[in-house]
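Coordinate inspection notes
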Amino acid sequence: MSSATDSPLLAHIKRRINVSGPITIADFMTEALAHPEHGYYRKQDPFGRAGDFITAPEVSQMFGELIGLWAAVTWQQMGSPPKIDLIELGPGRGTLMSDALRAVRNVPGIGDALTVRFVETSPVLRTHQQTSIMAYGIPATWHETFDDIPTRANVPAIVIGNEFFDALPIRQFERGEKGWAERLVGLDAKTGELGFVRGAETPITDALIPVTMRGAAKKGDIFESCAPAIAIADQIARRLNETGGGALFIDYGHPGSAFGDTFQALKGHEYHPVLSDPGDADLTAHVDFAAIGRAMNEAGARTGAVLTQGTFLRMLGIEQRAEHLKTSADDTQKTAIDQALSRLIDADQMGTLFKVLIAYGRDTTPPPCVSGVAG
Ligand code: SAH
């Protein structure tokens with residue numbers, strides 16, 4: 001079954017399927033991204049121009065700076081509490097947090113109030129994060145999961161996640177004649193290579209699919225669900241209600257739940273076949289912000305209407321920030337600032353595809369940029 005050219009991780013996945021049958025896409029993603037030895041996020045630093053993809057904080061310092069200011073105003077609107085947990089989910093290289101801390105450190109009182117909490121599973125990236133924020137002298141702790149973060153009495157939380165939810169494992173269900181069949185990863189009988197197979201079709205509509213979408217489904221429609229994202233959204237909502245606080249999630253995705261196959265791989269800044277090279281390509285799926293918002297609302301937290309990244313960054317004054325940076329820049333730097341600005345906010349770049357969801361505790365003043373309350 002496995003061939004001599006298979007990586008150790010591919011050989012391991014094939015063996016697993018051989019022994020116990022096809023696996024869910026979620027199991028495949030977990031192996032590919034989080035295998036303790038060979039997982040994509042466990043063994044390398046995937047970011048930047050030399051990596052497989054580039055994220056907004058790596059495009060420009062303006063991104064982290066403005067998110068830092070969003071967090072500082074959220075803190076002030078809570079009455080500047082003496083202690084605050086600034087929690088970042090999946091912080092990558094720590095670039096966003098470093099830019100945020102630099103931007104806010106002169107806000108009176110905030111330096112003494114802050115404890116930074118990173119939720120990060122990758123040892124390699126934890127080291128990067130530590131180095132990135134060392135200069136600011138703010139206490140920081142690292143946690144495997146959001147739930148591992150201790151809740152301290154009277155200490156509100158500000159939670160930030162950029163491109164965190166898209167890395168969490170999804171399952172896919174395809175509409176058939178009678179019901180829904182799970183799309184699974186199996187082995188092609190002839191070639192022995194990984195391929196998609198359909199699980200048994202069940203006449204019972206899967207409980208994961210929102211009631212409003214069940215009737216609209218046509219044969220071949222694909223529904224994606226991300227149970228870990230829903231679980232984390234629920235935990236965050238409970239924390240926001242218990243201690244007060246706000247959360248900001250930025251990711252590519254859709255504002256409303258919709259059918260479609262968004263499972264994708266990126267390698268060397270190019271789209272890549274999803275089942276090739278597990279452990280050596282980044283795997284993601286679009287984030288269903290409606291599902292995350294619903295989970296948070298069900299746990300009692302409030303959410304704002306989903307914004308595009310372009311709208312959100314403009315509301316925070318990114319154009320003015322770019323103009324200000326250009327006053328002390330040479331011509332080459334000015335061009336770079338303009339390019340970064342358009343990359344972050346233009347509709348044909350990251351401005352529209354990326355969405356922003358803001359949530360806050362039921363007793364918390366709405367944070368900046370909550371426009372139109374969704375729930
Ligand atoms: N926010 C960063 C990185 C995004 S990539 C940026 O914008 O540049 C996804 C990040 O989430 C990485 O840091 C990865 O190691 C982390 N990650 C992925 N799955 C995770 C999980 N289940 N729990 C915690 N962190 C995870």
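Refer to the structure printed above.
Below is a summary of the structure that appears in this document. (Residues numbered from 1 in each chain as written. Predicted model: local features only at pLDDT ≥ 70, side-chain atom pairs only at ≥ 80, totals over all residues. Heavy atoms only, no water.)

As for the overall build of the chain
Helix and strand counts for the chain come out as 15 helices and 17 strands. Here the C-alpha atoms of the chain give a radius of gyration of 21 Å, agreeing with the 21 Å that 2.2 N^0.38 yields for 375 residues. Taken along the three principal axes of its C-alpha coordinates, the chain extends 65 × 45 × 40 Å. Per-residue burial for the chain yields a buried fraction of 55% across its 375 residues. In the chain, the share of contacts with a sequence separation of at least 24, taken over all contacts with a separation of at least 6, comes to 76%. A total of about 16,100 Å² of accessible surface is found on the chain, and carbon and sulfur atoms cover 52% of it. The average position of the 34 basic charges and that of the 45 acidic charges among the side chains of the chain differ by 3 Å. (Helix = DSSP H or I, 4+ residues; strand = E, 2+ residues; numbered from the N terminus. Rg over C-alpha atoms; globule rule 2.2 N^0.38 Å. Buried < 20%, exposed > 50% of the residue type's maximum accessible area, 1.4 Å probe, protein only. Contact = heavy atoms within 4.5 Å. Areas by Shrake-Rupley, 256 points an atom, 1.4 Å probe, with all protein chains shown as cover. Lys, Arg positive; Asp, Glu negative; His and termini not counted. Charge placed at Lys NZ, Arg CZ, Asp CG, Glu CD.)

Observations regarding the side chain of Ser60
Relative to the elements of secondary structure, Ser60 occurs in the loop between helix H4 (56-59) and helix H5 (61-77). For Ser60, a relative accessible area of 9% gives the class buried. Apart from the residues lying within four places of it in its own chain, the contact partners of Ser60 are Asp99, Ala340 and Leu344.

Section: the site of the ligand
Residues in contact with the ligand amount to 16 residues; listed here are only the nearest, Thr55, Gly90, Gly92, Glu120 and Asn162. Expressed as a share of its isolated accessible area of 570 Å², the protein-covered part of the ligand is 90%. Tallied by class, the residues present in the shell around the ligand amount to 8 nonpolar, 6 polar and 2 charged. (Near = heavy atom within 4 Å. Nonpolar A, V, L, I, M, F, W, Y, C, P; charged D, E, K, R; others polar.)

Section: the packing of helix H1 (residues 8-20) against helix H2 (residues 25-34)
The interhelical angle for the contact between H1 and H2, taken along N-to-C directions, is 150°, at an axis separation of 10 Å. On the basis of the axis angle, H1 is roughly antiparallel to H2. With respect to the hand of their crossing, H1 and H2 are arranged in right-handed fashion. Together, Leu9, His12, Ile13 and Arg16 of H1 and Asp27, Phe28, Glu31 and Ala32 of H2 make up the contact between the two elements. Each residue belonging to the contact of H1 with H2 can be placed in one class, and the counts come to 4 nonpolar, 1 polar and 3 charged. (Axes fitted to C-alpha atoms, helices over the stretch in contact; angles between N-to-C directions. Parallel < 35°, antiparallel > 145°, perpendicular 65-115°, else oblique. Left-handed = near helix turned anticlockwise from the far one by under 90°.)

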